[in-house]
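# Chains, contacts and geometry: an overview
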Amino acid sequence: MKIKRFTGKAALHTEAAKLITQLLKDKPDCTLGFATGSTPIGIYEQLVGMYAKGRLSFARARSFNLDEYVGLTESHPQSYRYYMQHHLFRHTDFDQRNTYIPNGIAADLEAECRRYDSLLAEHPIDLQLLGIGHNGHIGFNEPGHSLTGETHLVTLKPETRAANARFFDSEDEVPRQAITMGMGSILKAKSILLVVTGADKAAVVNEALAGPITTACPASLLQTHANVTVLLDADAGKELP
Ligand code: F6R
């Protein structure tokens, strides 16, 4: 595991965008794994800026998102499809047909999970961008006695719904379920880029990267992957030995 620390968020976002750009140059038809949430927004901004300057192209790339809420249409401002359109896809030359996000309004959600896994099997992820939740979740893989390998339907923990309530008018509006790639699918990515900022994540960063590998902290499973790069700002890294 390669850990890189940055004094500020801007330098960290630049480094993440640089790594993604390098991959696009080396392998224009690469498959990128994307995350949502507040952490990657600055990275997407950098990528959009570089695209506008003609420094990169997504025309031959594919993307998979980690997760999607159940019950939100793609026009709902809090759906992850909307987020990706808003922050990245519509500002670049991504071919929309090659951008995959679980369909949270599929009539048969189990069948949708299986469909997503077959797409992932067909197009292995070259680089998976990840954020981390305060409870150690990755995607919507929540801490528990066990974890699921494949894409699956999850019931969101109260703390995750509470953390995400800031994006909705009220906590009650936060969906109760989501579809997420499983830890197995995430760990199949050829490389992983974990990005964490802020003092509120310092404890979980320490737990995930320096603590025991346990389902009680799903992110700790990243310690088992051979090619993980972690980008931390000074606040997020302050509890790491
Ligand atoms: C969302 C996702 C989540 C977030 C995590 C951190 O696609 O994968 O696991 O990465 O909840 O969210 P932020 O970045 O908002 O702190």
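Note on numbering: residues in each chain are counted from 1, in written sequence order. Under the rules for a predicted model, residues below a pLDDT of 70 receive no local features and side-chain atom pairs below 80 are neither given nor counted, while totals for whole chains, interfaces and linings still include all residues.

## A look at helix α2 (residues 41–52)
Here α2 contains twelve residues, and its C-alpha end-to-end distance of 16 Å stays within 8% of the 16 Å for a straight helix at 1.5 Å per residue. For every residue pair, C-beta atoms are placed from the backbone, and the pair is scored as a contact if these atoms sit within 7 Å. Labels follow the DSSP assignment, with helices taken as runs of H or I lasting at least four residues and strands as runs of E lasting at least two, numbered in each case from the N terminus. Buried residues along α2 sit against α1 (9–26), α3 (80–87) and β9 (191–196). Downstream of α2 by one or two residues, G54 has phi in the positive range, about 75 degrees. Residue count minus one, scaled by 1.5 Å, sets the expected span of a helix.

## Focus: the site of the ligand
Each residue receives a C-beta atom built from its backbone; the residue is near a molecule or strand if that atom lies within 6 Å of it. Taken together, 13 residues lie around the ligand, and T36, G37, S38, T39 and G131 are the ones closest in. When its residues are assigned to classes, the shell around the ligand shows four nonpolar, eight polar and one charged. Note that Gly is not counted as nonpolar here; it falls among the polar residues with everything else outside the nonpolar set of Ala, Val, Leu, Ile, Met, Phe, Trp, Tyr, Cys and Pro and the charged set of Asp, Glu, Lys and Arg.

## A look at the sheet that holds strand β1 (residues 2–6)
On the basis of which strands lie adjacent, the open sheet formed by seven strands has the order β1-β10-β9-β6-β2-β3-β5 and parallel pairing. Two strands bound the open sheet, and with one partner strand each, they are β1 and β5 (99–100). As paired strands, strand β2 (residues 31–34) and strand β3 (residues 62–65) are joined by four bridges and run parallel to one another. Among the inter-strand pairings, F34 is bridged to a residue of β3, identified as N65. Comment: axis = line fitted to C-alpha atoms, over the contacting stretch for helices; angle = value between 0 and 180 degrees taken between N-to-C directions. Seen against the sheet, α1 touches β1, β2, β6 (127–130), β9 and β10 (228–233) and runs at an angle of roughly 155 degrees to β10. The rule for pairing is simple: two strands pair if DSSP sees at least two bridges between them.

## A few points about the nonpolar core
Across soluble globular proteins, nonpolar side chains have a tendency to be buried as a group. Core analysis: the largest hydrophobic core is formed by 63 residues, its most contacted members being L194 and V195. A total of six residues in this core trace back to one element, the largest contributor, which is α1. Ignoring sequence-local partners within four residues, the contact set of L194 consists of L130, I132, L222, V228 and V230. The term nonpolar core means buried Ala, Val, Leu, Ile, Met, Phe, Trp, Tyr and Cys residues held together as one set by C-beta atoms within 7 Å. Think of it as a crowd count around each C-beta: if 20 or more other C-beta atoms lie within 10 Å the residue is buried, if 12 or fewer it is exposed, and in between it is partly exposed, with C-beta placed from the backbone throughout.

## Details of the UniProt feature "active site" (unreviewed entry) in the protein
UniProt positions are given in the numbering used here, feature names are shortened, and annotations may be inferred rather than shown by experiment. The UniProt entry lists D67, N135, H137 and E142 under the feature "active site" (unreviewed entry), expressed in the numbering used here. Positionally, D67 belongs in strand β4 (residues 67–69). Under the C-beta neighbour-count criterion, D67 is labelled buried, with 22 such atoms within 10 Å. In this structure, D67 is in contact with Y80, P102, G139, F140, A178, I179, T180 and M181, ignoring residues within four places of it in sequence. If you trace the backbone, N135 turns up in the loop between β6 and β7 (152–155). Sequence-distant contacts of N135, that is, excluding residues within four places in its chain, are made with E142, P143, K157 and E159.

## Side note on the environment of I186
Of note, I186 is situated in helix α6 (residues 183–187). For I186 and R62, which are 124 residues apart along the polypeptide, the C-alpha to C-alpha distance reads 16 Å. Here I186 is in contact with Q128, I138, G139 and M181, once residues within four sequence places are set aside.

## A short note on the pairing of β9
Of all six residues in β9, five are buried; the element is thus mostly enclosed. Examined bridge by bridge, β6 and β9 share four bridges and lie parallel to one another. Bridge pairing links L129 to L193 in β9. Pairing analysis gives five bridges linking β9 to β10, with the strands arranged parallel. Within β10, the residue paired with V195 across the bridge is L231. Note on the crossover from β9 through helix α7 (residues 202–210) to β10: the handedness is right-handed. Convention used here: a crossover is right-handed provided that the path from the first strand, over the helix, to the second strand proceeds clockwise when the strands point away from the viewer.

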